[in-house]
Each structure stands twice: as structure tokens, then as C-alpha cells.
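# Coordinates in review
Next come the chains, spelled out residue by residue.
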Amino acid sequence: QQQVKQSPQSLIVQKGGISIINCAYENTAFDYFPWYQQFPGKGPALLIAIRPDVSEKKEGRFTISFNKSAKQFSLHIMDSQPGDSATYFCAARMDSSYKLIFGSGTRLLVRP
Amino acid sequence: SAVISQKPSRDICQRGTSLTIQCQVDSQVTMMFWYRQQPGQSLTLIATANQGSEATYESGFVIDKFPISRPNLTFSTLTVSNLSPEDSSIYLCSVDGTGFPDTQYFGPGTRLTVL
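Summarised in this report is the structure supplied together with it.

Cut-offs and rules
- Residues numbered from 1 in each chain as written.
- Chains lettered and ligands numbered in written order.
- Predicted model: local features only at pLDDT ≥ 70, side-chain atom pairs only at ≥ 80, totals over all residues.
- Heavy atoms only, no water.
- Helix = DSSP H or I, 4+ residues; strand = E, 2+ residues; numbered from the N terminus.
- Contact = heavy atoms within 4.5 Å.
- Areas by Shrake-Rupley, 256 points an atom, 1.4 Å probe, with all protein chains shown as cover.
- Lys, Arg positive; Asp, Glu negative; His and termini not counted.
- Charge placed at Lys NZ, Arg CZ, Asp CG, Glu CD.
- Rg over C-alpha atoms; globule rule 2.2 N^0.38 Å.
- Buried area = accessible area lost by both parts, 1.4 Å probe.
- Salt bridge = Lys/Arg side-chain N within 4 Å of Asp/Glu carboxyl O.
- Nonpolar A, V, L, I, M, F, W, Y, C, P; charged D, E, K, R; others polar.
- Pairing = 2+ DSSP bridges.
- Axes fitted to C-alpha atoms, helices over the stretch in contact; angles between N-to-C directions.
- Phe/Tyr/Trp six-rings, centres within 6.5 Å; stacked < 30°, edge-to-face > 60°.
- Buried < 20%, exposed > 50% of the residue type's maximum accessible area, 1.4 Å probe, protein only.

What follows is about the overall build of chain A. Of regular secondary structure, chain A possesses 0 helices and 11 strands. For chain A, the spread of C-alpha atoms along the principal axes amounts to about 40 × 30 × 20 Å. Long-range contacts, defined as pairs at least 24 residues apart, comprise 54% of the intrachain contacts of chain A with a sequence gap of at least 6. Working note: accessible area of chain A is about 5500 Å², and carbon and sulfur atoms make up 50% of it. Across chain A, 13 positive and 8 negative side-chain charges occur, with their mean positions spaced 7 Å apart.

Helices and strands together make up the secondary structure of chain B, namely 0 helices and 11 strands. Walking chain B from its N terminus toward its C terminus, one meets helices and strands in the order β-β-β-β-β-β-β-β-β-β-β. Here chain B has a C-alpha radius of gyration of 13 Å; the compact-globule value for 115 residues is 13 Å, and the two agree. Oriented by its inertia axes, the alpha-carbon framework of chain B measures out at about 40 × 30 × 25 Å.

Counting from both sides, the interface comprises 19 residues of chain B and, opposite them, 18 residues of chain A. For the chain B and chain A pair, buried surface summed over both sides reaches about 1500 Å², with 56% attributable to carbon and sulfur atoms. At the junction of chain B and chain A, the tally comes to 2 salt bridges. Elements represented by at least two residues in the side of chain B that touches chain A include exactly β4 (31-37), β5 (43-50), β9 (89-96) and β10 (104-106) of chain B. Ranked by the residues each element gives to the side of chain B that touches chain A, the list is headed by β4(B), at 4 residues. For the side of chain B that touches chain A, the class distribution of residues is 10 nonpolar, 6 polar and 3 charged.

This brings us to the sheet that holds strand β8 (residues 72-77) of chain A. All names here are of chain A. Spatially, the 5 strands line up as an open sheet ordered β1-β3-β8-β7-β6, and their pairing is antiparallel. Only two strands of the sheet have a single partner each, and these edge strands are β1 (4-7) and β6 (56-59). Neighbouring strand axes in the sheet, compared pairwise and without regard to direction, differ in orientation by 15 degrees on average. Note that β6 and strand β7 (residues 62-67) share 4 bridges and pair antiparallel. Residue pairing in the sheet places K58 in a bridge with T63 of β7.

Applying the stated criterion across every chain yields a total of 15 aromatic pairs over all chains. Between A:W35 and A:F73, the ring centres sit 5.7 Å apart and the planes meet at 70 degrees, which makes this aromatic pair edge-to-face. Of this pair, A:W35 sits in strand β4 (residues 33-38) while A:F73 sits in strand β8, placing them 38 residues apart in sequence. Take A:F73: its relative accessible area is 1%, and that puts it in the buried class. Here the aromatic rings of B:F61 and B:F66 are separated by 5.5 Å at their centres, their planes lie at 65 degrees, and the arrangement is edge-to-face. With relative accessibility at 3%, the residue B:F66 sits in the buried group.

Okay, the environment of A:L75 next. Residue and element names in this part refer to chain A. Structurally, L75 is set in strand β8. As a C-alpha pair, L75 and Y88 span 13 residues in sequence and 9.2 Å in three-dimensional space. Non-local contacts of L75, meaning those with residues more than four positions away in its chain, are made with S19, I20, I21, W35, L47, I48, F62, T63 and Y88.

Everything listed here is a matter of geometry and, on its own, says nothing about what the molecule does.
Here is the structure:
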């Protein structure tokens with residue numbers, strides 16, 4: 001119930017394409033869903049986050065789509081660039097606990 | 001957002017020894033967290049450290065192996081004791097942000113290799 005399942009494990013996209021990463025959860029008490037981006041040798045950095053009272057949030061080329069009934073959320077990277085090549089982690093949290101539960105990560109490679 | 005630094009950035013240690021990792025934040029924060037990220041894997045929370053109280057450890061992590069100090073609102077240390085090759089990982093410090101949306105900000109990590 002505490003797990004967040006992430007797919008795919010790795011993704012290769014051509015420059016200019018759309019990258020889509022999916023996550024699913026079971027615990028309906030989760031009420032905060034951030035996405036983190038991690039470059040090699042660096043700590044994860046918050047990319048974008050959403051709460052379940054909205055179905056979509058967009059920040060620049062990055063969009064989170066949230067389906068509360070299906071308990072799924074996804075990250076869309078529009079016009080993907082080689083500089084987006086990194087590992088992406090979805091996560092979930094209950095406000096009451098402060099504890100982030102991370103997905104397994106997706107290694108994205110954007111080819112020039 | 002908070003600016004977090006960690007020392008050392010990397011280290012190579014012999015088995016049986018210990019390594020203490022320092023985490024410094026540029027502002028006062030209530031909650032600090034220590035994570036482990038094994039090579040190519042996701043992040044696993046080791047413990048939560050609040051100033052003035054004992055750290056709270058997650059299942060599978062014990063104080064004797066991972067003692068933590070939190071002497072003030074901007075600093076914490078994690079010690080990894082009695083090192084074995086299985087402890088080779090990246091150890092990350094994070095802090096809880098303030099404002100909306102509350103989230104966690106991560107330090108750059110400490111890469112530990114145990115020989």
C-alpha cells in the first residue's frame with residue numbers, strides 16, 4: 001500500500017518528441033505527488049508537483065496529468081531536449097507524515 | 001528553496017571503519033532527512049532528524065548502524081558504522097521546505113565506496 005510503481009524503467013526519445021513517464025499508487029491517503037529530476041552525480045531536484053484536487057498542472061514543457069479514480073499520474077515532457085536526459089523519480093506523500101515514497105526511477109535519454 | 005551542502009562529496013573506506021557525513025543548510029529548517037540511494041536504484045529513507053529529539057528510523061535501519069546527530073536547526077550528521085561493501089551507496093541529506101507546495105530539497109549527496 002505504501003508503494004509507488006513507476007514505468008518505464010528506461011526511455012529513449014528523439015529530440016523534439018514527447019517523453020511520458022507513468023506512476024501508480026494504492027494508498028488513497030497520499031495527497032501530494034512531486035516529480036524529481038536527477039542528473040548523474042547530483043541530488044534530486046524538484047521538477048513539478050501536484051495535489052489531487054486538480055487533474056493537470058503545467059510548468060513550461062513539463063506537465064503532470066493526474067487521474068484520481070485510477071490512482072495514476074504521469075509526467076509529460078514536451079519538445080524533449082538532450083539536456084532533459086536524466087533520471088526522473090515520481091513520489092507520493094501524506095501531509096501528516098512528511099515521508100516521501102519514491103518510485104523506482106526512469107532513465108530518460110533524449111537523442112539529438 | 002534551501003541550499004544544502006554535504007561533506008565529503010565522496011569517500012573510499014575500508015570495511016569495519018566508519019564514515020561521518022555532514023549536512024549544512026543555509027537556513028533554519030525543522031525537519032531534516034537522510035536517504036540512501038544504492039547504485040542505479042531509487043531513494044530509501046533512513047531516518048528523520050528533528051533538532052532536540054532523537055532521530056526516527058525507518059524499518060530496516062537502526063541507530064547503532066546509522067547514528068544521527070542534529071545539534072541545531074541548520075546542521076546534521078549521519079554516521080555509517082562498521083562499514084561493509086553492502087554500504088556502498090550515495091547518502092543524501094534533504095530538508096523540508098516551507099510554503100506551498102511543501103516539499104523536500106536534496107543535497108548533492110555523498111558517494112561512499114567500501115572496499
